[in-house]
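# Fold and contact review
What follows is the residue order along each chain.
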Amino acid sequence: MNLPNLITILRILLTPLYINLLIYEYHGWALTIFLVAGLTDGLDGLIARLANQRTKLGTYLDPMADKLLLSASFLTPAILKLIPIWAALIVVSRDLILILGALILHLTQTSQDISPTLLGKSTTVIQLVYIALVLLFIVLHGSTVSLWPVLALTMGLTVLSGLHYIYRGIRRLNSE
């Protein structure tokens, strides 16, 4: 257990707190916790690379923590009617497809490259930015309608990165 893995575990533990704060309409606190959790996403990887503390556990734990945070970050506001439900369904469906793909590669004993792509990282960042903006607009009592261009970009990147990961998985499966 090292510092990057502890930071990743912190992100996992912050997720239920974020959900509860949203449910009980403590939007300012939810935004704060979400921003802290979002910052830990980049921080754990940065520390792992700079301090040469990459671990096999971290390789699996970090993407799981990301998927948990992002799924909760889209599902909870969608259930609370703060964002469109279809947006949450796209995000969660993409993540489930990626998990299913990894499982298929594992079951077929195909080597896996679970390292994130630039497109995947960009998608995560834009998803985090979109949710942070939604929460900020809610805190400031602004309408989130003006965020439609950001939502469109977020969903476009989500679908595109999902298709890219599927392509990578099929290519790897067919090459072995």
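Presented here is a report on the structure given in the accompanying data block. By convention here, each chain's residues receive numbers from 1 onward along its written sequence. With pLDDT at 70 or above as the cut-off, local features in this predicted model cover only qualifying residues; side-chain atom pairs require 80 or more to be listed or tallied, and sums for whole chains, interfaces and linings still use all residues. Each side-chain value is worked out from all heavy atoms of the structure, with water and hydrogens disregarded.

### Comments concerning the overall build of the protein
Convention followed: In this text, helices come from DSSP runs of H or I with a minimum length of four residues, and strands from runs of E with a minimum of two, each type numbered from the N-terminal end. Radius of gyration: over C-alpha atoms. The globule rule applied is 2.2 Å multiplied by the number of residues raised to the 0.38 power.
Scanning the protein from terminus to terminus reveals six helices and zero strands. In the protein, the succession of α and β elements from N to C terminus is α-α-α-α-α-α. Relative to the globule expectation of 16 Å for 176 residues, the C-alpha radius of gyration of the protein, 17 Å, shows essentially globular dimensions. Expressed along its principal axes, the backbone C-alpha trace of the protein runs to roughly 55 × 35 × 25 Å.

### Section: the nonpolar core
We count it as follows: By nonpolar core we mean a set of buried residues, namely Ala, Val, Leu, Ile, Met, Phe, Trp, Tyr and Cys, connected to one another through side-chain atoms within 4.5 Å. Buried residues are those whose accessible area, probed at 1.4 Å on protein chains only, stays under 20% of the maximum for their type, while exposed residues exceed 50% and partly exposed ones sit between those limits. Contacts: residue pairs with any heavy atoms within 4.5 Å of one another.
Tyr18, Phe34, Phe74, Ile83, Tyr130, Ile131 and Leu135 are the most contacted members of the largest nonpolar core, which has 27 residues in total. Going through the elements one at a time, α1 (3-23), α2 (27-50), α3 (56-79), α4 (85-107), α5 (118-139) and α6 (148-175) are the ones with two or more residues in this core. Element by element, the count of residues in this core is highest for α5, at seven residues. Aside from chain neighbours lying at most four places away, what touches Ile131 is Tyr18, Phe34, Ser73, Phe74 and Ile83.

### Some words on a nonpolar patch on the surface
Worth spelling out the cut-off: For patch detection, residues must exceed 30% relative accessible area and be free of salt bridges, and they are connected within 9 Å for like charges or within 5 Å for nonpolar side chains (Val, Leu, Ile, Met, Phe, Trp, Tyr). Reported accessibility uses the Shrake-Rupley method at a 1.4 Å probe radius. Residues are deemed covered only where the shown protein chains occlude them. Every case where a carboxyl oxygen of Asp or Glu lies within 4 Å of a side-chain nitrogen of Lys or Arg is listed as a salt bridge.
Judged by side-chain polarity, Ile23, Tyr24, Tyr26, Trp29, Leu75, Ile79 and Leu80 come together as a nonpolar surface patch covering roughly 770 Å² of accessible area. Here Tyr26 shows up in the loop between α1 and α2.

### Some thoughts on unusual backbone geometry
The phi dihedral of Asn52 is positive, around 50°, even though this residue is not glycine. Here Asn52 lies in the loop between α2 and α3. In this model, Lys81 sits at a positive phi of 65°, which is unusual for a non-glycine residue. For Lys81, the location among the structural elements is in the loop between α3 and α4.

### Considerations on the packing of α3 against α4
Here is the rule: Axis definition: a line fitted to C-alpha atoms, over the contacting stretch in the case of helices. Angles run 0 to 180 degrees between N-to-C directions. We call two directions roughly parallel when the angle between them is under 35 degrees, roughly antiparallel when it is over 145, roughly perpendicular when it lies between 65 and 115, and oblique otherwise. Here is the rule for handedness: rotate from the far helix to the near one, and if that takes an anticlockwise turn smaller than a right angle the crossing is left-handed, while a clockwise turn gives right-handed. Side-chain classes follow a simple rule in which Ala, Val, Leu, Ile, Met, Phe, Trp, Tyr, Cys and Pro form the nonpolar group, Asp, Glu, Lys and Arg form the charged group, and the remainder, Gly included, forms the polar group.
Following both chains from N to C, one finds α3 and α4 inclined at 155°, their axes separated by 8 Å at the closest point. If you check the angle between α3 and α4, you find them roughly antiparallel. Where α3 crosses over α4, the two elements pack in a sense that is left-handed. Counting all contacts with α3, which are made through Lys67, Leu70, Ser71, Phe74, Leu75 and Ala78, the residues of α4 involved are Ile85, Ala87, Ala88, Val91, Val92, Asp95, Leu98 and Ile99. A breakdown of the residues in the contact of α3 with α4 according to their chemical character gives 11 nonpolar, one polar and two charged.

### A short note on the pattern of salt bridges
All chains considered together, the criterion is met by six salt bridges. Of the charged contacts, one joins Asp44 and Arg11 as a salt bridge, the two residues approaching to 3.0 Å between their closest N and O atoms. With Asp44 in helix α2 and Arg11 in helix α1, this pair connects stretches of sequence that are 33 residues apart. The exposure class of Arg11 is buried, given its relative accessible area of 0%. Here Asp95 ties to Lys67 by a salt bridge, and the two come within 3.8 Å at their closest N and O atoms. Pair noted here: Asp95 is in helix α4 and Lys67 is in helix α3, with a separation of 28 residues, a long-range link. Residue class for Lys67 comes out partly exposed when judged on its relative accessible area of 21%. In this structure, a network of salt bridges that share partners links the residues Arg11, Asp41, Asp44, Asp62 and Asp66.

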